[in-house]
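So you can see what is in the structure, the chains are spelled out below.
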Amino acid sequence: MLFSSSLKGIDHLLIGVQQLEEARHHYLRLGFRLTPRGRHIGWGTANYCIMFPGDYLELIGIVDKNQDTNGLDVFLENGEGGLGLAFRSEDIGQTAACLKEAGVPIDGPKDLKRILELEHGDVMPAFELLRYDNQVSPKISSFVCDHKTPDVVWQSQWLAHANGARGIKRVVYVTPNPSDVITKYSEFFGADAVVVTDGCIDVYVSERKQVLRFIAPEDINRFYPGIEPNDGAADGYMIAFHLWVGDLKATQAYFDQYRVSYQREGDSRIRLQKNDACGVVLAFDAL
């Protein structure tokens, strides 16, 4: 059984930020609606989430340096940016069994709750998390998430965004030798899921139209003109993520109205600058 056979795709992306409230205001200006603040129980971290119908973004920052930050403090020493991603499983026990059968060391599943600070009182969304050896997703920091209270976090008033964003399309990583990832992603996601194209490796995640892309540092300027490599980064780092939008002209009109600078790339993409999205390039792609 493949690891990906028990997954429903990418659940969410984590963006590590230095100042959580400043990051919230950055993303509000970009036309996103954010949830109220969430606080992780037992950790010194908190978040704001940007919900889409099938997935979401998580802005995560440190609010209490005296508590465990689950490695966020170390990550932020090299600056803000893409911290990692979570895959979604609706049967995390099956996912764990699959990895055990493949001989992969795992940690969990473990219960996690956070306090979500709503106007009418706090609620506590519940999850199960599964972590595993890095052979499963080389060059990417990832884990598996199983939502136990999805109705608490996927509320209708949080799903509509002024910029028209509808969900995660592609997550792009830079690594010195992209071809090095082919063997392991073929093993855990299936040979058919891995596509070698001109200058990159694409991995299609489960049944969803979501893609993990790997590019080399020397190809960054071809894919993202004007963006420089992150010299202080590790062997692999998230350089960009792309979101679906239903009407790219409406997205452009929003940015024009609120004076958000962008680059139009043909008729199907708008790209923002790295600093606008807290250390990672953000692109909006037409459906």
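The paragraphs below set out a description of the structure included in this document. Since we're looking at a predicted model, the values are computed, not measured.

Parameters at a glance
Here, residues in each chain are numbered from 1, in the same order as that chain's written sequence. Only residues with pLDDT of 70 or above have their local features reported here, since the model is predicted, and side-chain atom pairs are shown and tallied only from 80 upward, although totals for entire chains, interfaces and linings are computed over all residues. Working from all heavy atoms in the structure, the side-chain values ignore hydrogens and water. Numbering of helices and strands runs from the N terminus, with a helix taken as a DSSP run of H or I at least four residues long and a strand as a DSSP run of E at least two residues long. With C-alpha atoms as the basis for the radius of gyration, the globule rule is written as 2.2 Å multiplied by the number of residues raised to the power 0.38. Buried, partly exposed and exposed residues are distinguished by accessible area as a fraction of the type maximum, computed with a 1.4 Å probe on protein chains only: under 20%, between the cut-offs, and over 50%, respectively. Note on contacts: a residue pair qualifies if any of its non-hydrogen atoms lie within 4.5 Å across the two residues. Among buried residues, those of type Ala, Val, Leu, Ile, Met, Phe, Trp, Tyr and Cys that are joined through side-chain atoms within 4.5 Å constitute a nonpolar core. Centres within 6.5 Å make a pair out of two Phe, Tyr or Trp rings, where for Trp the six-membered ring is used; the pair is then stacked when the planes are under 30 degrees apart, edge-to-face when over 60, and tilted otherwise. The arc in question is the one spanned by the directions pointing from the helix axis to the C-beta atoms. Pairs of strands are assigned from DSSP output, requiring at least two bridges between the strands. Any carboxyl oxygen of Asp or Glu within 4 Å of a side-chain nitrogen of Lys or Arg constitutes a salt bridge here. Here a polar contact means two N or O atoms within 3.5 Å. Within protein one must be a hydrogen donor candidate and the other an acceptor candidate, and residues neighboring in sequence count only if both atoms are side-chain atoms.

1. Focus on the overall build of the chain
Next, step 1: Across its full length, the chain carries seven helices and 17 strands.
Next, step 2: Radius of gyration (C-alpha) of the chain: 18 Å, near the 19 Å computed for a compact globule of 287 residues.
Next, step 3: C-alpha extents for the chain along the principal axes are approximately 55 × 50 × 35 Å.
Next, step 4: Burial status across the chain gives 51% buried among its 287 residues.
Next, step 5: Put simply, of all contacts in the chain between residues at least 6 apart along the chain, 66% involve residues at least 24 apart.

2. Some points on the nonpolar core
Next, step 1: Ranked by internal contacts, the top residues of the largest apolar core, which has 60 residues, are Phe3, Phe32, Phe87 and Leu212.
Next, step 2: The residues contacting phenylalanine 32, other than those within four sequence positions of it, are Tyr27, Ile50, Phe52, His161, Asn163, Ala165, Leu243, Leu282 and Phe284.
Next, step 3: Membership of the second largest hydrophobic core comes to 16 residues, among which are Cys49, Met51, Leu118 and Phe127.

3. Digging into the packing of aromatic side chains
Aromatic rings considered in pairs are described by the distance between their centres and by the relative angle of their planes.
Next, step 1: The tally for this structure, following the rule as stated, stands at 14 aromatic pairs.
Next, step 2: For the pair tyrosine 185 and phenylalanine 189, a centre-to-centre distance of 5.5 Å together with 35 degrees between the ring planes defines the contact as tilted. Of this pair, tyrosine 185 and phenylalanine 189 both sit in helix H5 (residues 182–189), four residues apart, which is roughly one turn of that helix. Each member of the pair tyrosine 185 and phenylalanine 189 is classed as buried.

4. Observations regarding H5
Next, step 1: When H5 is considered as a whole, its buried residues turn out to be Tyr185, Phe188 and Phe189. Mapping the buried residues of H5 onto a view down its axis gives an arc of 80 degrees, with all of them on the same face.
Next, step 2: Against strand S1 (7–16), strand S5 (81–89), helix H3 (92–101), strand S11 (194–197), strand S12 (200–204) and strand S13 (211–215) lie the buried residues of H5.
Next, step 3: Following H5 by one or two positions, glycine 190 has its phi on the positive side, about 100 degrees.

5. A closer look at the pairing of strand S8 (residues 126–132)
Look at any regular strand and the pattern is simple: side chains alternate between the two faces of the sheet.
Next, step 1: Of all seven residues in S8, six are buried; the element is thus mostly enclosed.
Next, step 2: Two elements, strand S6 (residues 106–118) and S8, share six bridges in a ladder whose sense is antiparallel. Across the sheet, isoleucine 106 pairs through a bridge with tyrosine 132, a residue of S8.
Next, step 3: With four bridges joining them, S8 and strand S9 (residues 142–147) adopt antiparallel strand pairing. Each bridged residue has a counterpart across the sheet, and for glutamate 128 the counterpart in S9 is aspartate 146.

6. Structural notes on the side chain of histidine 161
Next, step 1: One can find histidine 161 in the loop between helix H4 (150–153) and strand S10 (165–174).
Next, step 2: Apart from residues lying up to four places away in sequence, histidine 161 is in contact with Gly31, Phe32, Arg33, Ile50, Met51 and Phe52.

7. Brief notes about the pattern of salt bridges
Two side chains bearing opposite charge may form a pair once their charged atoms approach each other closely.
Next, step 1: Per the stated rule, a full pass over the model turns up twelve salt bridges.
Next, step 2: Note that aspartate 146 and lysine 148 form a salt bridge whose closest N and O atoms lie 3.2 Å from each other.
Next, step 3: For lysine 148, a relative accessible area of 44% corresponds to the partly exposed category.
Next, step 4: The salt bridge partner of aspartate 198 is arginine 222, with a shortest N-O separation of 3.8 Å. Of this pair, aspartate 198 sits in the loop between S11 and S12 while arginine 222 sits in helix H6 (residues 220–223), placing them 24 residues apart in sequence.
Next, step 5: Residue classification places aspartate 198 among the exposed positions, given a relative accessible area of 64%.
Next, step 6: One network of salt bridges, with partners in common, ties together Lys169, Glu265, Arg269, Arg271 and Asp285.

8. A few points about the pairing of strand S4 (residues 56–62)
Next, step 1: Most of S4 sits out of view: six of its seven residues are buried.
Next, step 2: As defined by bridge partners, S1 adjoins S4 across five bridges and the pair is classed as parallel. The residue bridging leucine 13 from the neighbouring strand is leucine 57, located in S4.
Next, step 3: Pairing of strand S3 (residues 45–51) with S4, which is carried by seven bridges, proceeds in the antiparallel orientation. Looking at the pairing, methionine 51 lines up with tyrosine 56 of S4.
Next, step 4: Linking two consecutive strands that pair antiparallel, namely S3 and S4, is a turn of four residues.

9. Thoughts on the side chain of serine 137
Next, step 1: Tracing the chain through its elements places serine 137 in the loop between S8 and S9.
Next, step 2: Here the side chain of serine 137 touches serine 142 through a polar contact of 2.7 Å, side chain to side chain.

10. Some words on the environment of cysteine 200
Next, step 1: Its location among the elements puts cysteine 200 in strand S12.
Next, step 2: Considered as a pair, cysteine 200 and asparagine 177 are 23 residues apart in the sequence and their alpha carbons are 9.8 Å apart.
Next, step 3: Discounting residues that sit within four places of it in the chain, cysteine 200 has contacts with Val195, Arg213, Phe214, Ile215 and Phe223.

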